[in-house]
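Notes for the structure review
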Amino acid sequence: MSELPAPLAEIVDDFAALSDADKTTLLLELADELPPLPDHLETAAMEPVPECQSPIFLSVDAADPSAVRLYFSAPREAPTTRGFAAILHQGLDGQPAAAIAAVPADFGSELGLASVVSPLRLRGLAGMLARIKAAIARTG
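Attention here is on the structure that accompanies the text. Nothing here was measured: the structure is a model prediction, and the numbers come from that model.

1. Observations concerning the overall build of the protein
- When you go through the protein residue by residue, the secondary structure sums to five helices and three strands.
- Radius of gyration (C-alpha) of the protein: 14 Å, near the 14 Å computed for a compact globule of 140 residues.
- Viewed in the frame of its principal axes, the protein has a C-alpha envelope of about 40 × 35 × 20 Å.
- Expressed as a percentage of its 140 residues, the buried residues of the protein come to 44%.
- If you sum the accessible surface of the protein, you get close to 6,800 Å²; carbon and sulfur atoms cover 54% of it.

2. Some thoughts on the pattern of salt bridges
- Following the criterion strictly, the structure yields five salt bridges and no others.
- Residue Arg131 pairs with Glu51 through a salt bridge whose shortest N-O separation is 2.9 Å. Here Arg131 is found in helix α5 (residues 119-139), whereas its partner Glu51 is found in the loop between β1 (47-48) and β2 (57-61), with 80 residues between them in sequence.
- Through salt bridges with shared partners, one network takes in Glu47, Glu51, Arg131 and Arg138.

3. Comments concerning the pairing of β2
- Where β1 lies against β2, two bridges are found, and the strand directions are antiparallel. Directly across from Pro48, in β2, lies its bridge partner Phe57.
- Two elements, β2 and strand β3 (residues 69-73), share five bridges in a ladder whose sense is antiparallel. Counterpart to Ser59 in the pairing with β3 is Tyr71.

4. Here's the deal with the environment of Ala78
- Tracing the sequence through the fold places Ala78 in the loop between β3 and α3 (79-92).
- A relative accessible area of 7% places Ala78 in the buried class.
- Residues Ala78 and Leu28, 50 residues apart in the sequence, show an inter-C-alpha distance of 9.8 Å.

Cut-offs and rules
Residues numbered from 1 in each chain as written. Predicted model: local features only at pLDDT ≥ 70, side-chain atom pairs only at ≥ 80, totals over all residues. Heavy atoms only, no water. Helix = DSSP H or I, 4+ residues; strand = E, 2+ residues; numbered from the N terminus. Rg over C-alpha atoms; globule rule 2.2 N^0.38 Å. Buried < 20%, exposed > 50% of the residue type's maximum accessible area, 1.4 Å probe, protein only. Areas by Shrake-Rupley, 256 points an atom, 1.4 Å probe, with all protein chains shown as cover. Salt bridge = Lys/Arg side-chain N within 4 Å of Asp/Glu carboxyl O. Pairing = 2+ DSSP bridges.

Below, the structure written as structure tokens:
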């Protein structure tokens, strides 16, 4: 997928090279890597992502369109959804607004997780991406 920013394309490639069991392991490892919120952000001030089965919140700082900042609040008790937030954070944080806007809505299918994660959970990943794009569009 050439339209993906390089960090996100690398994550997609990593998943594509793995067996289903290893994909699950990588997703859980990524969940542990989601950074904590900075001190200036509180979950109450963030946008909820109702498409997710777990209480996920995000904040998009697109004040500098050349380097959009993404912040996620995801409970440790929801490792799958937290893993999705980590994928988006690692793959898109710091990327230009135009590059994020160009990410296909269905890029999650390229991760090959449909056989290990329910469609409802995958919809949560798409919901997070859609909300990030909408926040960028509102800013720009």
